Amino acid sequence: MAPKQAPQPAHWRALVAECIAESLRTLPAGGSFAVRVVYTADQPVASLTPRRRLSHFHAENTLSRRVLAFVSQGGCLVAGLEVHEFTTLRIEAQGAQPPRTDMAVDCCIEKLDTSGELTCRMPMARALVAGYLRSLHRYKTALNIPSVGVHLFARAQPEYLFAKSKDNPGKRILGDLELVKWWQSALQFALEYSAKSIRTAVANCIVPGSTMRESTWFLGKDRTPSAGSDNSNAINGSCAESTQSVDWRWGLPYPLGARAHDCVLQFPDDPITRLLSEPHSSAWSVSALLDMLSVSEECGSGHRTAYFMASLPLCPDSNAQTSDIADSSTASQGRLSFEDYDKILVVLFDHDMDFSSTASAHLSSSRLKDYLDTNFDIPLISVETTGPDITRDPAQATNSCNLPTVNDLSTVIRKKRKVVS
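Residues numbered from 1 in each chain as written. Predicted model: local features only at pLDDT ≥ 70, side-chain atom pairs only at ≥ 80, totals over all residues. Heavy atoms only, no water.

Brief notes about the overall build of the protein
Thought 1: Of the regular secondary structure elements, the protein holds eleven helices and eleven strands.
Thought 2: A buried classification covers 49% of the 421 residues belonging to the protein.
Thought 3: Partitioning the contacts of the protein with sequence separation of at least 6, the portion at a separation of at least 24 is 75%.
Thought 4: Accessible surface, the protein as shown: approximately 20,100 Å² in total, 51% of it carbon and sulfur. (Helix = DSSP H or I, 4+ residues; strand = E, 2+ residues; numbered from the N terminus. Buried < 20%, exposed > 50% of the residue type's maximum accessible area, 1.4 Å probe, protein only. Contact = heavy atoms within 4.5 Å. Areas by Shrake-Rupley, 256 points an atom, 1.4 Å probe, with all protein chains shown as cover.)

Take a look at the structure:
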């Protein structure tokens, strides 16, 4: 049994690249960029809930697809996004009742990175995420499902896709708390942009080790926990004041008392997956899992990381969402095998790749481009930006000064006074 394939028009393969290009066009006018999207064919993979328990007949099949999007400027890579998509079909039968079929689509944003070579400061990474989510909204509507799950684990690292870019003077590297706040803002924008106010998107955020009282900072200073959730040790809760198109909630979107293996999705290379792979995790509840996360090596020990999970609502009429790009010039863009995809990653992460300076970044970008042009038919889409200039609020410039501190002992350590002889 395999998940049914969505009806795919001839131009279906161009949707991801075209949607990213559309998003980039809204950036401040005067920029010239190129978009290239690498993606694989669907391949059967293990279940996202491999140790789920059910008391009735249950059959499940999961397909996976990998996506890698690049943005270049003047032949030099400036931004990249890697995503893992999963489509799961479940059939359940209980007693004499007719079998029930359920389909779920979940995407895990694994890596987002910039090289530091963008010639003019603009929200490139945010636009890249927004364009990708817009593509999900368009091509997944043909599956006739109400929403798509968007998942990511935010963890501050100096580089993800572009080797040695941490040494590039043009790259802005965010700390733990700044990154969590950036992702909340970026997802807010991306969900609003991609859903086009069709329905309210529900988004969850949890920072392991943080309490409900701290959620007002992570989710926005104007949002407060809903009534009845005044317990500082509570994990789940909604916000009394949410935006019209995104309803932010504190916690994972699962009941705290539920068995974690029965509901929490386990994505590749993820701290939750590593914890749930332990034999003694079988009886853990969601609450116990969060407690373990808060003291784990990756999420505890002074680190501030965050899990974001959002439900992106889809439009019921897929034809209305895809007809506008039927004549795409990239309709012949092909899909790769997982093996070919891994070979591209080998080239990208080769020890000779170097994005620490403009000269080395251009050379490394040329190496990857030559490899893709030689081995695969993945054309570039040119983009000219036409959006308005960005006016920055002076108050936002000092926002980083108000970050919650982590293990700040400067106020309790008394320095020994010097004795002048």
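Once the structure has been displayed, the description carries forward.
A look at the pattern of salt bridges
Thought 1: Counted by the stated rule, this structure contains 17 salt bridges.
Thought 2: As a salt-bridge pair, Arg-138 and Glu-22 come within 3.1 Å of each other at their nearest N and O atoms. One end of the pair, Arg-138, is in helix α2 (residues 124-139); the other, Glu-22, is in helix α1 (residues 15-25), with 116 residues separating them in the sequence.
Thought 3: The partner of Asp-113 in a salt bridge is Lys-171, and the shortest N-O contact between them spans 2.7 Å. Residue Asp-113 is found in strand β5 (residues 100-114), and its partner Lys-171 is found in the loop between β6 (147-154) and α3 (176-195); the two are separated by 58 residues along the sequence.
Thought 4: Owing to a relative accessible area of 12%, Lys-171 belongs among the buried residues under this scheme.
Thought 5: One network of salt bridges, with partners in common, ties together Arg-155, Asp-269, Arg-274 and Glu-298. (Salt bridge = Lys/Arg side-chain N within 4 Å of Asp/Glu carboxyl O.)

Quick word on the environment of Ser-285
Thought 1: With respect to the helices and strands, Ser-285 occurs in the loop between α6 (271-276) and α7 (286-294).
Thought 2: Separated by 26 residues in the primary sequence, Ser-285 and Arg-259 have C-alpha atoms spaced 4.3 Å apart.
Thought 3: Excluding residues within four positions of it along the chain, Ser-285 makes contact with Leu-256, Gly-257, Ala-258, Arg-259 and Ala-260.

Examining unusual backbone geometry
Thought 1: Its identity is not glycine, yet Lys-164 carries a phi of approximately 65 degrees, on the positive side.
Thought 2: Backbone geometry at Asp-269 places phi at a positive 50 degrees, although glycine is not the residue there.
Thought 3: Residue placement: Asp-269 occurs in the loop between α5 (260-263) and α6.

Some remarks on the packing of aromatic side chains
Thought 1: The full count for this structure, using the stated rule, is nine aromatic pairs.
Thought 2: Ring centres of Phe-86 and Phe-267 lie 5.7 Å apart, and the angle between their planes is 55 degrees; on these two criteria the pair is classed as tilted. Of this pair, Phe-86 sits in strand β4 (residues 76-93) while Phe-267 is found in the loop between α5 and α6, placing the two residues 181 residues apart along the sequence. The same class applies to Phe-86 as to Phe-267, namely buried.
Thought 3: Between Trp-182 and Trp-183, the aromatic rings sit 5.1 Å apart at their centres with planes inclined by 80 degrees, giving edge-to-face as the arrangement.
Thought 4: On the accessibility criterion, Trp-182 (25% relative accessible area) is partly exposed.
Thought 5: Taken together, the ring pairs connect Trp-217, Phe-218 and Trp-250 into an aromatic cluster.
Thought 6: The side chain of Arg-66 reaches across the aromatic face of Phe-338, ending 5.3 Å from its centre.
Thought 7: For the cation-ring pair, Arg-126 lies above Phe-189, with the distance from its terminal atom to the ring centre recorded as 3.8 Å. (Phe/Tyr/Trp six-rings, centres within 6.5 Å; stacked < 30°, edge-to-face > 60°. Lys NZ or Arg CZ within 6 Å of the ring centre and 35° of its normal.)

Considering the layout of surface pockets
Thought 1: Taken as a whole, the second largest pocket encloses approximately 600 Å³ of empty space.
Thought 2: Contributing to the lining of the second largest pocket are 31 residues, with Asp-106, His-151, Pro-253, Tyr-254 and Leu-265 lying nearest its centre.
Thought 3: Its residues assigned to classes, the lining of the second largest pocket shows 16 nonpolar, nine polar and six charged. (1 Å grid on protein atoms, 1.4 Å probe; cavity = no way out; pocket = protein on both sides within 12 Å on 5 of 7 lines; lining within 4 Å. Points joined across faces, edges and corners; volume = space filled by probe spheres on them. Nonpolar A, V, L, I, M, F, W, Y, C, P; charged D, E, K, R; others polar.)

Some details on empty space enclosed by the protein
Thought 1: A complete count under the given rule lists two cavities of 30 Å³ or more for this structure.
Thought 2: Roughly 70 Å³ of volume is contained in the second largest cavity.
Thought 3: Along the walls of the second largest cavity sit Cys-108, His-151, Leu-152, Phe-153, Leu-265, Phe-267, Asp-270, Ile-272, Tyr-307, Phe-308 and Met-309, which together make up its complete lining.
Thought 4: Taken together, the elements giving at least two residues each to the lining of the second largest cavity come down to β6 and β10 (306-313).
Thought 5: A breakdown of the residues in the lining of the second largest cavity according to their chemical character gives nine nonpolar, one polar and one charged.

Remarks on the packing of α1 against α2
Thought 1: Relative to each other, α1 and α2 sit at 135 degrees, their axes nearing to 7 Å. Taken together, α1 and α2 sit at an angle that is classed as oblique. Taken as a pair, α1 and α2 cross one another with a handedness that is right-handed. Between α1 and α2, the residues in contact are Leu-15, Val-16, Cys-19, Ile-20, Glu-22, Ser-23 and Leu-24 and Met-124, Ala-127, Leu-128, Ala-130, Gly-131, Tyr-132, Arg-134, Ser-135, Arg-138 and Tyr-139, respectively.
Thought 2: Classifying every residue of the contact of α1 with α2 by side-chain character gives eleven nonpolar, three polar and three charged. (Axes fitted to C-alpha atoms, helices over the stretch in contact; angles between N-to-C directions. Parallel < 35°, antiparallel > 145°, perpendicular 65-115°, else oblique. Left-handed = near helix turned anticlockwise from the far one by under 90°.)

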